[in-house]
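Structural features, examined
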Amino acid sequence: MGVFEDMSSFHNPMSSHAGIIERVRSLLAASEYPTAIAMLREQLEKTPRDPQVLRMLGYSLMLFDQSSEAVRHLEFADKLNPGDPDTLCDLAMLYRRLDRLGDAHKALDQILRVSPGNGRAVALKARVLQSRGQSEKAMGIVEQALEVSSRDPAIVMIYGTLARELKRQGPAIDLIRATLEDSSIERVRRSELLFSLGHLLDSVGEYDDAFAAFDTANKMTDPGKAVDFDMHLGRWSKDAVEGLAVQPIDGSRCVLVVGMPRSGTTLTEQVIGAHPQAGGVGESPIMNEIFGSKGPEDLSDEILASGGKRYLASLKSAYPDPKILRVIDKMPENYLFLGPITRMLPGASIVHCTRDARDTCLSIYFQRFGPGLRYANDLAICAEQYLGYLKTMEHWGEVIDAPIFESRYEELTADPEPRVRAMLDHIGLEFNKACLEHHKSKSSVHTASAGQVRQPLYKTSRQRWKNYEKHLGPMLEVLGDVE
């Protein structure tokens, strides 16, 4: 579930097939990724060594969490057209998501040696540093770049992100507002700047202006729809789940942290991952790649067996040390697949992160997510998605035998130790005090929570929705009595 990145650099179609490239570029700008991917695959069959097609396909697949294929296409594009800054930036984005931070730095440094003012490369370099808790160093790079390119939207936006984390909001608010006065800024960059401005204003208590910024940014993208949960759950009855053979695989190393986005999944991964016998792989795309839109009729024993082995192999690749007894996958939307997952990986632990529905939906609305979370752009549709998610978790509670541990965000932040002890007990680990000091961990964080999880457990995000209550009518009406 990665935060949305721009595709503004797709602006120079090759003359040999300019019409197709231009059409794909329009589809990407409109977030019509499945159609764009299909067209790019077709074009790649005709021109398998076209670096632009390879790059566009790799980028699109990355946004849909198809990481392994995305790496292959982007690295081939770089081989065919070495040194291209746009391809190198795409690779750096992907390497960051895969926690290959050394490779990300290498790609970005290659650009910055030649073009130190490249705004996208500067912003990505800062994000990679922030991922490892090096925000002060990141800010130094950004401030230096601002001296050269004071109104580059990419640099201004990451400056705002870092300024909020480092409590230097005033200058950043002024700079973003001044930058937004430039009417030539393209739509994608304007949206990014508005989200950054909204977060800054929220952090200093200017809630009405903050909401106006978030609302304007969200309305720049057409909203999607909530998942058809009735259809999904209709396919996954108790009989359908039990009709799948339990695979002879030991899934006890797997810890699946699920829930809605912005419900505390990143925090939970960091808390558990601070344990000396645990580690995290972030948001693995593999479950979605295995199950996706499949129903029980599509899942043979062979598919489940190969899927389970593939998943365990990915954990072993990330953590070959057998002393790491538990590996956390915090892909929130894995809640959709809990039925077949329990048959494929018996013994896997499930931690369900919950949070006040109003705070969750508001926090989702305040983030600029990718095409997989189009419901995030509309508060009412986001609330519909939330209700469907609740219905799904209630369904699995009745259908699957595997125990599900509920980690309530408000309880975890209010009284951490007993909740952390109970969570560790659920996944089969002894209590370790390091889990109460997760913010001191040197592990990487690549989601929108990168700044927050570097802090001790805090309560300031509780009941946040009350600051915006007068703006939330459509969301509150859909949620009704759900809290």
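Structure shown above.
Residue numbers restart at each chain and count upward from 1, following the sequence in its written direction. In view of the model being predicted, local features appear only for residues whose pLDDT reaches at least 70, and side-chain atom pairs are presented and counted only at 80 or more, with totals across whole chains, interfaces and linings using the full set of residues. Calculation of side-chain values draws on the structure's entire complement of heavy atoms; hydrogens and water are dropped beforehand.

**Side note on the environment of P332**
- Numbering goes from the N terminus for both helices and strands, where a helix is a DSSP run of H or I of at least four residues and a strand is a run of E of at least two. Mapped onto the elements of the fold, P332 is located in the loop between β3 (326-329) and α18 (338-344).
- In this structure the C-alpha to C-alpha distance between P332 and C353, which are 21 residues apart in sequence, comes to 8.7 Å.

**Examining the packing of helix α15 (residues 265-273) against helix α22 (residues 416-427)**
- Whenever a helix is involved, its axis is fitted only over the stretch in contact; in every case the axis is a line through C-alpha atoms, and angles between N-to-C directions fall within 0 to 180 degrees. The interhelical angle for the contact between α15 and α22, taken along N-to-C directions, is 75°, at an axis separation of 11 Å. By the angle class used here, α15 and α22 are roughly perpendicular. On α22, the residues touching T268, V271 and I272 of α15 are V420, M423, L424 and I427.
- Looking at side-chain class alone, the contact of α15 with α22 contains 6 nonpolar, 1 polar and no charged residues. Working rule for angles: under 35 degrees goes down as roughly parallel, over 145 as roughly antiparallel, 65 to 115 as roughly perpendicular, anything else as oblique. Should any heavy atoms of two residues lie within 4.5 Å, those residues are considered in contact. When residues are grouped by polarity, Ala, Val, Leu, Ile, Met, Phe, Trp, Tyr, Cys and Pro land in nonpolar, Asp, Glu, Lys and Arg in charged, and all others, Gly among them, in polar.

**Focus: the environment of W465**
- In this fold, W465 is placed in the loop between α22 and α23 (473-479).
- Under the scheme applied here, a residue whose accessible area is under 20% of the maximum for its type counts as buried, over 50% as exposed, and between as partly exposed, the area being computed with a 1.4 Å probe on protein chains only. The class for W465 is buried, based on a relative accessible area of 6%.
- Distance in space between the C-alpha atoms of W465 and K330 is 24 Å, their sequence separation being 135 residues.
- Excluding its chain neighbours within four sequence positions, the residues that come into contact with W465 are D356, R358, D359, L362, L472 and L476.

**Quick word on the packing of helix α7 (residues 119-131) against helix α9 (residues 153-165)**
- Two numbers describe how α7 lies on α9: the axes approach to 8 Å, and their chain directions differ by 25°. Judged on the interaxial angle alone, α9 and α7 are roughly parallel. Between α7 and α9 the crossing geometry is left-handed. Residue-level contacts link G119, R120, V122, A123, A126, R127 and Q130 of α7 to A154, I155, M157, I158, T161, L162 and E165 of α9.
- Looking at the contact of α7 with α9 residue by residue, the class counts come to 8 nonpolar, 3 polar and 3 charged. Rotating anticlockwise by less than a right angle from the far helix to the near helix defines a left-handed crossing, while the corresponding clockwise rotation defines a right-handed one.

**Notes on helix α12 (residues 207-218)**
- Taking 1.5 Å as the rise per residue, α12 with 12 residues should run 16 Å; its terminal C-alpha atoms sit 16 Å apart, in good agreement.
- Turning to α12, its buried residues number three or more, namely A210, F211, A213, F214, D215, A217 and N218.
- Buried-residue contacts for α12 involve α11 (187-203), α19 (357-365) and α20 (379-399). To estimate the expected span of a helix, count its residues, drop one, and scale the result by 1.5 Å.

**Concerning the side chain of T266**
- Along the chain, T266 falls in helix α15.
- Any pair of N or O atoms that falls within 3.5 Å is considered a polar contact. Within protein, one atom must be able to donate a hydrogen and the other to accept it, and sequence-neighbouring residues count only if both atoms are side-chain atoms. In this structure the side chain of T266 is engaged in a polar contact, spanning 3.1 Å, whose partner is the side chain of K330.

**Focus: the pairing of strand β4 (residues 349-354)**
- With 6 of 6 residues buried, β4 lies mostly within the body of the structure.
- Burial along β4 is two-sided: S349, V351 and C353 facing one way and I350, H352 and T354 facing the other are all buried.
- Bridge count between strand β1 (residues 254-259) and β4: 5 bridges; the pairing is parallel. From the neighbouring strand, V257 faces β4, where its bridge partner is V351.
- Two strands make a pair as long as DSSP finds a minimum of two bridges between them. As judged from the 5 bridges shared by β4 and strand β5 (residues 404-408), these two strands associate in the parallel manner. Counterpart to H352 in the pairing with β5 is E406.

**Digging into unusual backbone geometry**
- In this structure, K167 is a non-glycine residue whose phi angle is positive, near 60°.
- With respect to the helices and strands, K167 occurs in the loop between α9 and α10 (169-180).
- Positive phi outside glycine occurs at R262, with the angle close to 70°.
- Following the sequence through the fold, R262 ends up in the loop between β1 and α15.

**Digging into the state of the cysteines**
- Any cysteine sulfur atom paired with another within 2.5 Å is treated as part of a disulfide. Overall, the coordinates contain 0 disulfides when judged by the stated rule.
- Cysteine C353 shares no disulfide, and the gap to the nearest cysteine sulfur, in C435, comes to 14 Å.
- No disulfide involves C361; its sulfur sits 3.9 Å from the nearest other cysteine sulfur, which is in C382.
- On the basis of relative accessibility, which here comes to 0%, the residue C361 falls in the buried class.

**Some remarks on the nonpolar core**
- Each nonpolar core is a collection of buried residues, namely Ala, Val, Leu, Ile, Met, Phe, Trp, Tyr and Cys, held together in the definition by side-chain atoms within 4.5 Å. Core analysis: the largest hydrophobic core is formed by 126 residues, its most contacted members being V142, M287 and F291.
- A total of 9 residues in this core trace back to one element, the largest contributor, which is α20.
- Other than its neighbours up to four places away in sequence, V142 contacts V122, A126, I155, I158, Y159 and L162.

**Considerations on helix α3 (residues 51-63)**
- Spanning 13 residues, α3 covers 18 Å between terminal C-alpha atoms, matching the ideal 18 Å at 1.5 Å per step.
- Taking burial as the measure, the 13 residues of α3 include 12 buried ones, the bulk of the element.
- When α3 is considered as a whole, its buried residues turn out to be Q52, V53, L54, R55, M56, L57, G58, Y59, S60, L61, M62 and L63.

**Quick word on the pairing of β1**
- Counting buried residues along β1, 6 of its 6 residues qualify, which places the element largely inside the surrounding structure.
- Pairing geometry for β1 and β3, over 3 bridges, is parallel. When the bridges of β3 are listed, L256 appears paired with D329.

**Things to note about the packing of aromatic side chains**
- Pairing of aromatic side chains here covers Phe, Tyr and the six-membered ring of Trp, requires ring centres within 6.5 Å, and sorts the geometry by plane angle: under 30 degrees stacked, over 60 edge-to-face, intermediate tilted. All told, the structure shown has 10 aromatic pairs when counted by the stated rule.
- When the ring of F214 is compared with that of F366, the centres are 3.8 Å apart and the planes differ by 15°; the resulting orientation is stacked. With F214 in helix α12 and F366 in the loop between α19 and α20, the pair connects residues that are 152 residues apart, well separated along the chain.
- Grouping aromatic residues by their ring pairs yields a cluster made of F195, Y207, F211, F214, Y365, F366 and Y468.
- Geometrically, a lysine NZ or arginine CZ counts as sitting over a ring once it is within 6 Å of the ring centre and also within 35 degrees of the ring normal. Seen from the ring of Y409, R355 lies directly overhead, with NZ or CZ sitting 4.8 Å from the centre.
- The ring of F431 carries the charged tip of R421 above its face, separated from the ring centre by 3.8 Å.

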